[in-house]
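What follows is the residue order along each chain.
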Amino acid sequence: MHKFLALGLLPYLLGSLNGTRLTFIANDESDTAIALTQIIRGLQPHSLAILALPSKDLSDGVCQKDRSVYLDDFLHRLHRSSYKSVVFSKAELFFQYIEENLQGANECISLILEEPKQLLNSLHDRHLAHRLSLFIFFWGARFPPSPRVISFKEPLRAVVLTRPRKKAFRIYYNQARPCSDSQLQLVNWYDGDNLGLQRIPLLPTALSVYANFQGRIFRVPVFHSPPWFWVTYCNYSSEEDEELNNLDSIEKRKVWVTGGRDHRLLTLLSKEMNFRFKYIEAPGRTQGSIRSENDRDLNDSFTGGIGLLQSGLADFFLGDVGLSWERRKAIEFSFFTLADSGAFATHAPRRLNEALAIMRPFKQDIWPHLILTIIFSGPIFYVIIALPYIWRRRRVNSDVEHLGELYFHITYLKEITPHLLKFKPRTVLAAYQMPHQLFQKCIWFALRLFLKQSCNELHNGYRAKFLTIVYWIAATYVLADVYSAQLTSQFARPAREPPINTLQSLQAAMIHDGYRLYVEKESSSLEMLENGTELFRQLYALMRQQELNDPQGFFIDSVEAGIKLIAEGGEDKAVLGGRETLFFNVQQYGSKNFQLSQKLYTRYSAVAVQIGCPFLGSLNKVLMQLFESGILDKMTAAEYAKQYQEAAATTIDKGKVQAKSSEAYSRTESYDSTVISPLNLRMLQGAFIALGVGALAAGLVLLLETVFIKLDQARLWILSTRMQWMRHDREV
């Protein structure tokens, strides 16, 4: 509280006030203090700031002691009414106090005992003219100042106190009427000989004053931004023209608004609040952004439509104007007109190659397990069948045979038996003999079973039968049925590449696949990229890199231009913006051709007004009524329906359009809801390719088998020929 002065220093502060306006007679000091106390009490402030600059002019003949007594009496009466007050003797401290209250969104009432003309410029330059700040100027003369001498312009709230006679004070207010001239009007008076204040509260409320604007005309910047505004420019000015910095240059730019959601909203507001509006072209045809670092002397001023609001050349600004911290420093926003989210649009996922459709019923991580299952099924089946033979196999001596208790030695019998008797010894087989080529049979049996080919029972054992049943159930219900169902559904609705739905996937696509991200210039989406964290900063860095390779850069004039860029073949392009705006333009060019991402962040759009706008409360009241009744949503839906009707009418009238245009204006669902199409040979090409590969492999195996057989035959013929020649040589 070192900035504020204690009451004991009042005699030093007050000095001698300007005698031209503050002419007090010693006998009237008590009457003036009583009147000011009653007037301040009519406002019921939380605190009162008093500015009393020390004066060096004592030409009025009033001594400094009398003024000190007058102010001491006023402050004493004010404090007895439980009102806090702060007295300033320096204007700079007073301005800092007002700024602190505005930053905390606190209402501040000030009593200024100085000439208004000396302070008005400072109040406007420091943006202290605000609906939360009320400045009471003690004029002291019989009549208020002339508007040609002193003009209290919006959004400044000013009260001027005049003294037409003794014990009588008139209260003039510059916002007693909704017109923009801000002329002082008598709203109340005080009569010390009668009942004091004529009415309480002291001033009319802003809600009552600005409920009806009485035909006031507002200037509204606008540019083409469907579905919010459909604008036709009546001139051929470009962005390189001179900057719009005065009303004359603004009036030269003619625009024609043909429709849009916010145009409907503004028309409804004008009927509800009884005002008129005039559209003007926004500089650069953009919302606006902070000027470059080379223009820092402009005090963080904005370009575009926001710049017109900041400089006081416009009153409203609509059209998906997003809220942001940087913008709130230059303008204010009403109750939101759209609860939206950020998103980006890319081309619809392309259809994958149908030749590989037979591989897609199962994911890539399933196929290795499936192949391993088929490979190991044959050996497992062999082990189940062969184990009993291995466990129960008897050891049979090939040289000794037995018949009861008698043993016969075959080798000895062969030696003593004459050769002429042609004795053939009897072979005694083992009790359990393994089938011939059992392993190969098990392998082929498992393959034929999983491939659903006909096959005979390989073994009649219970274990083999049980395992055969398990294999058959797995092959039929788990593999064949699931595979067939998945394959049929994919044939009916062909598979597509994975969509780009998240910022991570977009970043990967920009790094590896060469995608380019575009954003509307001087928009809230661009501010999110510039001031965002982590992924947004990384994406913005990638966009800056692509600007070096592409002379056109990453800026687009509007979201509609970006969607058109994708529709014309931009399969490696993405557009960042509001989801509602993207959705509308996607519908305009055919939703099946585009892919909208997930909701990235929440964003709100509202009506932008000047800082300290006095009628913001009335505007918010009407907007909240429209929102709660669902009229805002109905307006948005009506704009979509109108676009659909125009698209259908355009298609019918023309009768024939190019293939791309007919797709662009068709009312189709997104690619996820594509109508099921019948099968055709192109979809089945994968099966035919697999059949051809199998036939080629079989032919190759047959060829190799034939070659090897012929080689074996040639080798046997050579061996037999050599044997014959050797016999012939021996005989000779």
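Computed from a predicted model, the values in this text were never measured in an experiment. (Residues numbered from 1 in each chain as written. Predicted model: local features only at pLDDT ≥ 70, side-chain atom pairs only at ≥ 80, totals over all residues. Heavy atoms only, no water.)

(A) Examining the overall build of the protein more closely. Within the protein, the secondary structure is distributed over 23 helices and 20 strands. Put simply, the protein has 732 residues, and 42% of those count as buried. Partitioning the intrachain contacts of the protein with sequence separation of at least 6 by distance along the chain shows that 74% fall at a separation of at least 24. Looking at the protein as shown, the accessible area adds up to about 41,900 Å², and 56% of this sits on carbon and sulfur atoms. (Helix = DSSP H or I, 4+ residues; strand = E, 2+ residues; numbered from the N terminus. Buried < 20%, exposed > 50% of the residue type's maximum accessible area, 1.4 Å probe, protein only. Contact = heavy atoms within 4.5 Å. Areas by Shrake-Rupley, 256 points an atom, 1.4 Å probe, with all protein chains shown as cover.)

(B) The arrangement of the side chain of Arg-216 in detail. Mapped onto the elements, Arg-216 comes out in strand E9 (residues 216-222). In terms of polar contacts, Arg-216 uses its side chain to reach the side chain of Glu-154, at 2.9 Å. Those residues in contact with Arg-216 that sit more than four places away from it in its chain are Glu-154, Pro-178, Cys-179, Ser-180, Tyr-210, Asn-274, Phe-275, Arg-276 and Phe-615. (Polar contact = N/O pair within 3.5 Å; in protein donor to acceptor, adjacent residues only side chain to side chain.)

(C) Local environment of the sheet that holds strand E7 (residues 185-191). Sheet architecture is open: eight strands sit in the order E2-E1-E3-E4-E5-E6-E7-E8, paired in mixed fashion. Every interior strand has two partners, whereas the edge strands, strand E2 (84-88) and strand E8 (196-197), have only one. By the bridge criterion, five bridges tie strand E5 (residues 157-165) to strand E6 (residues 168-173) in an arrangement that is antiparallel. Among the inter-strand pairings, Leu-161 is bridged to a residue of E6, identified as Ile-171. Lying on the sheet, helix H4 (residues 91-103) is in contact with strand E1 (47-51), E2, strand E3 (108-112) and strand E4 (133-138); it crosses E3 at an angle near 160°. (Pairing = 2+ DSSP bridges. Axes fitted to C-alpha atoms, helices over the stretch in contact; angles between N-to-C directions.)

(D) Region of the structure containing the packing of aromatic side chains. Tallying each qualifying case throughout the model produces 32 aromatic pairs. Seen in terms of ring centroids, Tyr-210 and Phe-213 are 5.8 Å apart; in terms of plane orientation they differ by 45°. Their pairing is tilted. Each member of the pair, Tyr-210 as well as Phe-213, is classed as buried. Here the aromatic rings of Phe-218 and Phe-615 are separated by 5.4 Å at their centres, their planes lie at 55°, and the arrangement is tilted. With Phe-218 in strand E9 and Phe-615 in the loop between strand E20 (601-609) and helix H20 (616-628), the pair connects residues that are 397 residues apart, well separated along the chain. For the pair shown, Phe-218 and Phe-615 are each scored as buried. Above the face of the Tyr-233 ring, Arg-285 is positioned so that its terminal group lies 3.6 Å from the ring centre. (Phe/Tyr/Trp six-rings, centres within 6.5 Å; stacked < 30°, edge-to-face > 60°. Lys NZ or Arg CZ within 6 Å of the ring centre and 35° of its normal.)

(E) Region of interest: helix H15 (residues 503-512). Of the residues making up H15, those classed as buried are Leu-503, Leu-506, Gln-507, Ala-509 and Met-510. Buried residues along H15 cover an arc of 160° about the axis, so they all sit on one side. Packing partners of the buried residues in H15 comprise strand E13 (332-347), strand E16 (516-520), helix H17 (535-549) and strand E18 (573-578). (Arc of directions from axis to C-beta.)

(F) Seen up close, the environment of Gln-198. Following the sequence through the fold, Gln-198 ends up in the loop between E8 and helix H6 (206-209). For the pair formed by Gln-198 and Asn-188, sequence separation is ten residues and the distance between their alpha carbons is 6.1 Å. Ignoring anything within four residues of it in the chain, the contact list for Gln-198 reads Asn-188 and Trp-189. Among the polar contacts listed, one links the side chain of Gln-198 to the side chain of Arg-199, at a separation of 3.2 Å.

(G) How the structure looks around unusual backbone geometry. In this chain, Glu-154 is followed by Pro-155 through a cis amide linkage whose omega measures 5°. Structurally, Pro-155 can be placed in the loop between E4 and E5. Positive phi is not limited to glycine here, since His-127 has a value of about 55°. Residue position: His-127 is located in the loop between helix H5 (117-125) and E4.

(H) Seen up close, the confidence of the model for the protein. On average, residues of the protein carry a pLDDT of 79, and 77% of them reach 70 or more. Residue range residues 653-675 is modelled with pLDDT below 50. Its contacts to residues more than four positions away, or to other chains, number 32 contacts. (pLDDT = per-residue confidence, 0-100.)

(I) Looking closely at the packing of helix H8 (residues 261-273) against H20. Relative orientation of the contacting elements H8 and H20 amounts to 120°, with a least axis distance of 11 Å. For the pair H8 and H20, the crossing hand works out as right-handed. Contacts between H8 and H20 pair Leu-265, Leu-268, Leu-269, Glu-272 and Met-273 from the former with Ser-618, Leu-619, Val-622, Leu-623 and Leu-626 from the latter. Here the residues of the contact of H8 with H20 sort into eight nonpolar, one polar and one charged. (Left-handed = near helix turned anticlockwise from the far one by under 90°. Nonpolar A, V, L, I, M, F, W, Y, C, P; charged D, E, K, R; others polar.)

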